[in-house]
Amino acid sequence: QVQLVESGGGLVQPGGSLRLSCAASGTMFRLNAMGWYRQAPGKERELVARIAIGQGPVYADSVKGRFTISRDNTKNTVDLQMNSLKPEDTAVYYCNARGVRLTIPTNELNSWGQGTQVTVSS
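Residues numbered from 1 in each chain as written. Predicted model: local features only at pLDDT ≥ 70, side-chain atom pairs only at ≥ 80, totals over all residues. Heavy atoms only, no water.

A. Quick peek at the overall build of the protein. When helices and strands are tallied, the protein shows zero helices and eleven strands. Along the protein, helices (α) and strands (β) appear in the sequence β-β-β-β-β-β-β-β-β-β-β when read from the amino end. Against the compact-globule benchmark of 14 Å for 122 residues, the protein has a radius of gyration of 14 Å, which places it among compact chains. Taken along the three principal axes of its C-alpha coordinates, the protein extends 50 × 25 × 25 Å. A burial count over the protein gives 41% of its 122 residues as buried. Residue pairs at least 24 apart in sequence account for 57% of intrachain contacts in the protein once pairs closer than 6 positions are excluded. With the model as given, the accessible surface of the protein reaches about 6,600 Å², and the carbon-plus-sulfur share is 49%. Measuring between centres, the 13 positive side-chain charges of the protein sit 4 Å from its 9 negative side-chain charges. (Helix = DSSP H or I, 4+ residues; strand = E, 2+ residues; numbered from the N terminus. Rg over C-alpha atoms; globule rule 2.2 N^0.38 Å. Buried < 20%, exposed > 50% of the residue type's maximum accessible area, 1.4 Å probe, protein only. Contact = heavy atoms within 4.5 Å. Areas by Shrake-Rupley, 256 points an atom, 1.4 Å probe, with all protein chains shown as cover. Lys, Arg positive; Asp, Glu negative; His and termini not counted. Charge placed at Lys NZ, Arg CZ, Asp CG, Glu CD.)

B. How the structure looks around the pattern of salt bridges. In the structure shown here, the tally under the stated rule is five salt bridges. Two residues, E46 and R38, come together in a salt bridge whose shortest N-O distance is 2.8 Å. The class of E46 is partly exposed, set by a relative accessible area of 35%. Close ionic contact of D61 with K64 constitutes a salt bridge, the shortest N to O distance being 3.2 Å. Exposure remark for D61: the relative accessible area of 65% places this residue in the exposed category. (Salt bridge = Lys/Arg side-chain N within 4 Å of Asp/Glu carboxyl O.)

C. Quick look at the pairing of strand 10 (residues 108-112). Only one face of strand 10 is buried: it carries L109 and S111, and the other face, with E108, N110 and W112, is open. Across five bridges, the pairing between strand 9 (residues 91-101) and strand 10 is antiparallel. Within the sheet, the bridge partner assigned to V100 lies in strand 10 and is E108. What sits between strand 9 and strand 10 in their antiparallel hairpin is a turn of six residues. (Pairing = 2+ DSSP bridges.)

D. Quick look at the nonpolar core. Core analysis: the biggest nonpolar cluster contains 31 residues, and M34, W36, L80, M82 and Y93 have the highest contact counts within it. If you list the elements that add at least two residues to this core, you get strand 1 (2-7), strand 3 (18-26), strand 4 (29-39), strand 5 (46-52), strand 7 (67-72), strand 8 (77-82), strand 9 and strand 11 (116-120). (Core = buried A, V, L, I, M, F, W, Y, C linked by side-chain atoms within 4.5 Å.)

E. The arrangement of the sheet that holds strand 1 in detail. Ordered in space as 1-3-8-7, the four strands form an open sheet in which the pairing is antiparallel. Bordering the open sheet on either side are strand 1 and strand 7, each of which pairs with just one other strand. Pairwise comparison of adjacent strand axes, ignoring direction, gives a mean angle of 15° for this sheet. Sheet analysis places strand 3 next to strand 8, joined by six bridges and oriented antiparallel. Following the sheet pairing, S21 is matched in strand 8 by D79. (Axes fitted to C-alpha atoms, helices over the stretch in contact; angles between N-to-C directions.)

F. View of unusual backbone geometry. Even without a glycine there, the phi angle at M28 is positive, about 60°. Residue placement: M28 occurs in the loop between strand 3 and strand 4. Of note, S84 is a non-glycine position whose phi angle comes to about 50°, a positive value. On the secondary structure map, S84 appears in the loop between strand 8 and strand 9.

G. Expanded view of the packing of aromatic side chains. Applying the stated criterion to the full structure yields one aromatic pair. Here the guanidinium or amino end of R45 rests over the ring plane of Y94, the centre of that ring lying 3.8 Å away. Above the plane of the ring of W112 lies R45, whose end atom (NZ or CZ) is 4.6 Å from the centre. (Phe/Tyr/Trp six-rings, centres within 6.5 Å; stacked < 30°, edge-to-face > 60°. Lys NZ or Arg CZ within 6 Å of the ring centre and 35° of its normal.)

What follows is the structure, given as structure tokens:
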């Protein structure tokens, strides 16, 4: 079982910065990828950034050059540094983790955090 807890959301002015953090807890699991998704009211949840072990990060086109994802595989944490924020970045941001159970390696995990609100407004 894996639990994800996000932090770092809040209200920021356009052009400002925020850093989101996510920590995974539990036992008997191995995470292969962690990432961030976001969902605005009336819209589908979309990928913001994701990083997998042994691979480079993947970003949505809308955030390339502004957001940076980083992961600590030992601590099972993932951060999202968000710079040059725009009003259209306003959404609930969700941490996501994918991996396997160590007790049943063929049983894949797909866990989500509770979400953290990011509001970009003057």
